[in-house]
Amino acid sequence: MNVGDTLAPLEVAVTRTLIVAGAIASRDYQDVHHDAELAREKGSPDIFMNILTTNGLVGRYITDHLGPRAVLRKVAIRLGAPNHPEDTMTLSGTVTAVHGNTVEIRVVGANSLGHHVSGTVTVEVAA
């Protein structure tokens, strides 16, 4: 891998099931991640994805590209626009640094509202 290389984009269908399952799997029982009526009462148009689900999707995106021997060393992300049901998040990545077997990749996940997630992933790849 070289600085400037890009990863093929990954489209993730943001379904109600994905949002709720991700919240349950990460033990995040906040009502805004599973109850549309309560989410609306709190000012959101619908339920929305939690950061732990997003973090998992970012990790999956990187390891899908680099293979099963890739080891995530650091994932530093920031959320922006929420991921609501019936949208699509498209993840993209660009290599920003290479140090031996360690690669840093800038990741962005965008949906119809803008950037849902942005950040960097540091990964060790097999030699």
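The following refers to the structure shown. (Residues numbered from 1 in each chain as written. Predicted model: local features only at pLDDT ≥ 70, side-chain atom pairs only at ≥ 80, totals over all residues. Heavy atoms only, no water.)

1. Some remarks on the sheet that holds strand E3 (residues 87-99)
Defined as follows: Think of it this way: DSSP has to see at least two bridges between two strands before they count as a pair. Strands here mean DSSP runs of E at least two residues long; helices mean DSSP runs of H or I at least four residues long; both are numbered from the N terminus. Angles shown run from 0 to 180 degrees and are taken between the N-to-C directions of axes, each axis being a line fitted to C-alpha atoms and, for helices, limited to the stretch in contact.
What the 5 strands build is an open sheet, ordered E1-E3-E4-E5-E2; its pairing is antiparallel. Strands with a single pairing partner mark the edges of an open sheet, and in this sheet they are strand E1 (6-14) and strand E2 (71-79). Direction aside, neighbouring strands of the sheet carry axes that sit 20° apart on average. Here 7 bridges tie E1 to E3, and the two strands are oriented antiparallel to one another. What sits directly across from leucine 7, in E3, is glycine 93.

2. Some details on the pattern of salt bridges
Counted only if it meets this: Any Lys or Arg side-chain nitrogen found within 4 Å of a carboxyl oxygen on Asp or Glu counts as a salt bridge. Categorising residues by exposure relies on relative accessible area from a 1.4 Å probe, with only protein chains included: less than 20% of the type maximum marks a residue as buried, more than 50% marks it as exposed, and the intermediate range marks it as partly exposed.
The tally for this structure, following the rule as stated, stands at 4 salt bridges. For aspartate 64, the salt bridge goes to arginine 60, with nearest N and O atoms at 3.2 Å. On the criterion of helical spacing, the pair formed by aspartate 64 and arginine 60 is a turn pair, its members being 4 residues apart in helix H3 (residues 51-66). Among the ionic pairs, arginine 73 bridges to glutamate 124, the shortest N-O distance being 3.0 Å. Pair noted here: arginine 73 is in strand E2 and glutamate 124 is in strand E5 (residues 114-124), with a separation of 51 residues, a long-range link. Judged by its relative accessible area of 53%, arginine 73 is exposed. Overall, glutamate 124 belongs to the partly exposed group, its relative accessible area being 31%.

3. A look at H3
Applicable threshold: In this analysis, the expected span of each helix is defined as 1.5 Å times one less than the number of residues it contains. Every residue pair with non-hydrogen atoms within 4.5 Å of one another is taken to be in contact.
Taking 1.5 Å of rise per residue, the 16 residues of H3 would be expected to cover 22 Å, and the 23 Å separating its terminal C-alpha atoms lies within 8% of that figure. Among the residues of H3, those classed as buried are Thr53, Thr54, Leu57, Val58, Gly59, Tyr61 and Ile62. Packing partners of the buried residues in H3 comprise E1, helix H1 (16-25), E2, E3, strand E4 (102-111) and E5.

4. As for the side chain of threonine 53
Within the element layout of this structure, threonine 53 appears in helix H3. For threonine 53, a relative accessible area of 9% translates into the label buried. Beyond its immediate sequence surroundings of up to four residues, threonine 53 is in contact with Leu18, Gly22 and Ala23.

5. A closer look at the environment of threonine 90
Counting through the fold element by element, threonine 90 comes out in strand E3. Looking at threonine 90, the relative accessible area reads 28%, which means it is partly exposed. Linking threonine 90 and histidine 116, residues 26 residues apart in sequence, is a C-alpha distance of 9.4 Å. Threonine 90 has contacts with Pro9, Leu10, Glu11, Val108, Gly109 and Ala110, leaving out every residue within four places of it along the chain.

6. Some remarks on the environment of histidine 84
Applied cut-off: In protein, a polar contact means a hydrogen-donor-capable atom and an acceptor-capable atom, both N or O and within 3.5 Å, with residues adjacent in sequence counting only if both atoms are side-chain atoms; elsewhere, any N or O pair within 3.5 Å suffices.
If you trace the backbone, histidine 84 turns up in the loop between E2 and E3. Sequence spacing of histidine 84 and asparagine 111 is 27 residues, and the spatial spacing of their C-alpha atoms is 9.1 Å. Residues in contact with histidine 84, not counting those within four places in the same chain, are Val14, Ile19, Ser44, Pro45, Asp46, Ile47, Phe48 and Leu113. At a separation of 3.0 Å, a polar atom in the side chain of histidine 84 contacts the main-chain carbonyl oxygen of isoleucine 47.

7. Re the pairing of E5
With 8 bridges connecting them, E2 and E5 associate as antiparallel partners. Across the sheet, the residue bridging to lysine 74 is threonine 122, located in E5. Pairing geometry for E4 and E5, over 10 bridges, is antiparallel. The partner of glycine 109 across the bridge, within E5, is valine 117. Taking the residues between adjacent antiparallel strands as the criterion, E4 and E5 are bridged by 2 residues.

The values reported here are purely geometric and, on their own, carry no functional implication.
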